[in-house]
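Listed below, chain by chain, are the residues.
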Amino acid sequence: MIHPFISGNKWRKLKYHLQTALQQKKHHLVTFGGVWSNHLVATACTAAKFGLTSTAFIRGEELQTDALFFCKLFGMNLIFTDRESYRDKKKLFANEFENDNSAYFIDEGGAGIEALLGCAELASELTETYDHIFCAAGTGATAAGLIKGVSEKYPESRVSIVPVLKGADFVRREIASQITFETDFDFYPDYHFGGYAKSSPQLLQFIKEFSAQTGILLDPVYTGKMMFALFDLVKKDQFPSKSTLLAIHTGGLTGLLGFKDKFSNL
Ligand SMILES: *Cc1c(COP(=O)(O)O)cnc(C)c1O
């Protein structure tokens with residue numbers, strides 16, 4: 001609902017980066033991501049919309065995806081980078097832009113204090129109190145911000161985080177390390193469907209039925225897993241009746257296009 005391409009949590013994560021870049025008169029956003037990164041699409045579109053330029057270092061060998069197609073249409077300059085050099089992002093940035101004072105560094109996924117503050121603002125836009133607030137987690141930056149915001153505005157609400165990758169204990173720790181105060185949250189690590197960007201016919205079937213019944217699309221990487229978890233927990237009677245549940249749609253529907261073949265086999 002925020003914007004078709006600067007969608008969901010990605011705008012919230014970018015907002016304060018953009019503000020800082022503009023304040024520092026830096027008109028070239030430089031960031032990092034994989035070939036299906038929603039963050040890259042959002043950054044490319046943000047740059048275009050605010051009259052800036054953008055460059056992305058892309059992890060791995062050159063590959064064409066729908067996400068990168070949109071990035072290029074929004075004028076983003078793409079630099080494909082082997083996985084080894086990709087690890088040292090500060091070094092890549094320094095090497096490429098040592099003579100470009102206008103370049104502004106945005107870490108992969110927009111992570112940082114800017115993202116935390118931007119995502120915390122979500123809580124101030126709520127108009128009622130919910131018992132449980134569900135959100136998907138990749139790096140957990142969005143989750144950390146959300147938990148921070150909700151604990152300040154709605155201390156009686158519980159935030160439920162659904163990590164989308166396997167072995168997500170480090171995500172739980174990452175979230176906990178970013179919320180400096182003692183805040184408890186629920187964490188459901190068993191809905192990864194095999195790992196990041198992995199799916200199953202059951203998950204895709206769920207997304208298909210959900211879309212047909214509600215008119216709301218979900219992607220198999222993030223929001224599909226979160227919504228599947230929520231439905232499954234309801235089915236397993238995890239919430240007393242009359243509980244109020246809020247599911248946060250974090251956007252990122254470009255990712256759906258990477259699964260066209262898998263859907264067609266259903
Ligand atoms: C990037 C993304 C996330 C994950 O955000 P993190 O802050 O990395 O946890 C969740 N949902 C969608 C749709 C995304 O594009």
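As a starting point, this report considers the structure included with it. (Residues numbered from 1 in each chain as written. Predicted model: local features only at pLDDT ≥ 70, side-chain atom pairs only at ≥ 80, totals over all residues. Heavy atoms only, no water.)

**So, the sheet that holds strand β2 (residues 53–59)**
Logical step 1: An order of β3-β2-β1-β4 is seen for the 4 strands of this open sheet, with the pairing classed as parallel. At either end of the open sheet lies a strand with only one pairing partner, and these are β3 (77–81) and β4 (103–105). Each adjacent strand pair in this sheet contributes to an overall mean axis angle of 25°, direction not counted.
Logical step 2: One ladder, built from 5 bridges, connects β2 with β3; its direction is parallel. Considered in β3, the bridge of Arg 59 is made with Thr 81. (Pairing = 2+ DSSP bridges. Helix = DSSP H or I, 4+ residues; strand = E, 2+ residues; numbered from the N terminus. Axes fitted to C-alpha atoms, helices over the stretch in contact; angles between N-to-C directions.)

**A few points about the packing of helix α6 (residues 113–120) against helix α7 (residues 141–153)**
Logical step 1: The interhelical angle for the contact between α6 and α7, taken along N-to-C directions, is 50°, at an axis separation of 7 Å. Viewed along their axes, α6 and α7 adopt a mutual orientation that is oblique. Between α6 and α7 lies a crossing of right-handed hand. Residues Leu 116, Leu 117, Cys 119 and Ala 120 of α6 touch α7, and the partners they reach there are Ala 141, Thr 142, Ala 144, Gly 145, Leu 146, Lys 148 and Gly 149.
Logical step 2: Taken together, the residues that form the contact of α6 with α7 break down as 7 nonpolar, 3 polar and 1 charged. (Parallel < 35°, antiparallel > 145°, perpendicular 65-115°, else oblique. Left-handed = near helix turned anticlockwise from the far one by under 90°. Contact = heavy atoms within 4.5 Å. Nonpolar A, V, L, I, M, F, W, Y, C, P; charged D, E, K, R; others polar.)

**Digging into unusual backbone geometry**
Logical step 1: With a phi angle near 55°, Lys 25 is a residue other than glycine that sits in the positive phi range.
Logical step 2: For Lys 25, the position within the fold is in the loop between α1 (9–23) and β1 (28–33).
Logical step 3: The phi angle at Ala 197 is positive, at roughly 65°, despite the residue not being glycine.
Logical step 4: Its place among the elements puts Ala 197 in the loop between β7 (186–187) and α9 (201–214).

**Quick word on the side chain of Asn 9**
Logical step 1: Its place among the elements puts Asn 9 in helix α1.
Logical step 2: At 3.4 Å, the side chain of Asn 9 and the side chain of Lys 10 are in polar contact.
Logical step 3: Apart from the residues lying within four places of it in its own chain, the contact partners of Asn 9 are Cys 119, Thr 142 and Thr 250. (Polar contact = N/O pair within 3.5 Å; in protein donor to acceptor, adjacent residues only side chain to side chain.)

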